[in-house]
Amino acid sequence: MKLLTLNFLTCARKTCKSAPAAFPLHPKEAELEQVETDLNALFITNMLPRLDWEAMKILTTELGLPALPTETPAPEALLADDGAPSQVLRDLHVLLMETSIASGRLECGSCGHGYAVKEGIANFLLPSHMV
Amino acid sequence: MLPTPSTSHVNYDRVYEPAEDSYLLLDTLSASPETTFLHNHLPPSTPTPLVLEVGTGSGVVLAFLAANARHIFGRSDIATLGTDVNNYACKATTRTVNLAITGPKSGEAAVFCGTLDGDLTSPLRPNVVDVLIFNPPYVPTEALPDSNSAEEAVDRSNLSPNEAFERDSRLLALSYAGGIDGMETTNRLLEQLPVTLSDRGVAYILLCAQNRPEAVKDRIRLWPGGWSAETVGSSGKQAGWEKLSILRIWRP
């Protein structure tokens, strides 16, 4: 599961849906995997406006990854002067597209429930008493 | 004709095998009325759309959408994601999509975020899904299979052949058994749409004749917020018992 996915996920419990603390989910004991992929500059550029930058910063800190800039980069910052992808864009590509969670768990900051990740697949199924 | 993604690696004893309903989704979403709609609805300069398939099974539909993103959506900056309650289906989908998007035409393809083991859209944040696809368990049945018992069995090793067969049967039943009117699971998904879809969100849901698609459309049109529902694809016009149709549900 690409790290980017966490931008779209929250706790599966109904009672946590509107709780601000349920996003982002916090990776615990996460084993990360780097999978080399082609750089898609357009994808990153158009994804930027819908990235929750604060959440991405929390994730990089918690995972011990290189820190992100304090503020969301401006669109101009993604291209170097010669029109080639900038270092900022390359760093985002490595973080969002090439870094995957292979195993561990994703913990809700609101209810504390942990969702196991095995073989890259996070399990969001809840026992019936927790739905 | 765009190629159908390969699913030859999938074990159909426990994962739904691509069938007429899957192919109707492929045909409808890759033909000109829907591609034109999607190109206009998600213009290239707008933020990267998130495409979610609920209940991916083998992954054939999601793989097709991902591999042919430029043709279908008019852009290849598309993020794709799948969910399924069957862990075997999640693994199958991940493999099917990754196979389909790598290769000589990878520049045409979307980005695949992954497959989540979950109930419908429950792991998703509100208002993030721009295109949602659902080929539901639509066959009317007396009762819905118990998804929890099926999942608990997956985690147990050393099942006897009999127990393994029963687990696999339950997993397959989850892919087709729809309860009353075949609508019990679809109704739960419909309830989630106004929350899950973004403002520009559009859902494609497959129904059979016994689901009474005309009544479903009428109901959606009464939702607060100005929703539209139209039939954009159909098959089995010979009055067969499983005449299929695809609804497009969105806020124009």
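Anyway, here's the lowdown on the structure attached to this text.

Definitions and limits used
Residues numbered from 1 in each chain as written. Chains lettered and ligands numbered in written order. Predicted model: local features only at pLDDT ≥ 70, side-chain atom pairs only at ≥ 80, totals over all residues. Heavy atoms only, no water. Pairing = 2+ DSSP bridges. Helix = DSSP H or I, 4+ residues; strand = E, 2+ residues; numbered from the N terminus. Axes fitted to C-alpha atoms, helices over the stretch in contact; angles between N-to-C directions. Buried < 20%, exposed > 50% of the residue type's maximum accessible area, 1.4 Å probe, protein only. Contact = heavy atoms within 4.5 Å. Polar contact = N/O pair within 3.5 Å; in protein donor to acceptor, adjacent residues only side chain to side chain. Buried area = accessible area lost by both parts, 1.4 Å probe. Salt bridge = Lys/Arg side-chain N within 4 Å of Asp/Glu carboxyl O.

**A word on the sheet that holds strand S6 (residues 228–235) of chain B**
All names here are of chain B. Strand order in this open sheet of 7 strands is S3-S2-S1-S4-S5-S7-S6, and the pairing throughout is mixed. Two strands close off the open sheet at either side, each with one partner strand: strand S3 (111–117) and S6. Here the average twist between neighbouring strands, direction ignored, is 15°. With 5 bridges connecting them, strand S1 (residues 50–54) and strand S2 (residues 79–84) associate as parallel partners.

**Concerning the environment of Leu189 of chain B**
Residue and element names in this part refer to chain B. Note on placement: Leu189 falls in helix H8 (residues 184–196). Overall, Leu189 belongs to the buried group, its relative accessible area being 0%. Taking C-alpha positions, Leu189 is 19 Å from Thr80, a pair spaced 109 residues apart along the chain. Ignoring anything within four residues of it in the chain, the contact list for Leu189 reads Val54, Leu120, Thr121, Leu132, Phe134 and Ile205.

**Here's the deal with the side chain of Asp130 of chain B**
Within the fold, Asp130 of chain B resides in strand S4 (residues 129–134). A polar atom in the side chain of Asp130 of chain B sits 2.9 Å from the backbone nitrogen of Leu50 of chain B. One polar contact links Asp130 of chain B to Ser198 of chain B, side chain to side chain, over a distance of 2.6 Å. Excluding residues that lie within four positions of it along the chain, Asp130 of chain B makes contacts with Arg50 of chain A together with Leu42, Thr48, Pro49, Leu50, Ser198, Arg200, Gly201 and Val202 of chain B.

**A short note on unusual backbone geometry**
In this structure, the amide linkage connecting Phe23 of chain A to the following residue, Pro24 of chain A, adopts the cis form with an omega of -5°. With respect to the element layout, Pro24 of chain A can be found in the segment before strand S1 (26–34). Residues other than glycine seldom take positive phi values, yet Asp181 of chain B does so here, at roughly 55°. When you line up the elements, Asp181 of chain B lands in the loop between helix H7 (161–176) and H8. The class for Asp181 of chain B is partly exposed, based on a relative accessible area of 37%.

**Some details on the interface of chain A and chain B**
Many authors give the size of an interface as the accessible area that is lost as the parts come together. Counting residues at the interface gives 32 residues for chain A and 38 residues for chain B. The contact between chain A and chain B buries some 2500 Å² in all, and 59% of this surface belongs to carbon and sulfur atoms. The largest per-residue losses of area from chain A upon contact with chain B belong to Arg50, Ile121 and Leu125 of chain A, which jointly make up 26% of the total buried on that side. Counting every contact that joins chain A to chain B gives 2 salt bridges. The partner of Glu119 of chain A in a salt bridge is Lys91 of chain B, with the nearest N and O atoms 3.6 Å apart. Viewed at the interface, chain B and chain A are joined by 16 residue pairs in polar contact (both at pLDDT 80 or more). Among the elements of the structure, helix H1 (41–47) and strand S4 (121–122) of chain A are those that each provide at least two residues to the side of chain A that touches chain B. Of the residues forming the side of chain A that touches chain B, the biggest block, 4 residues, is contributed by H1 of chain A.

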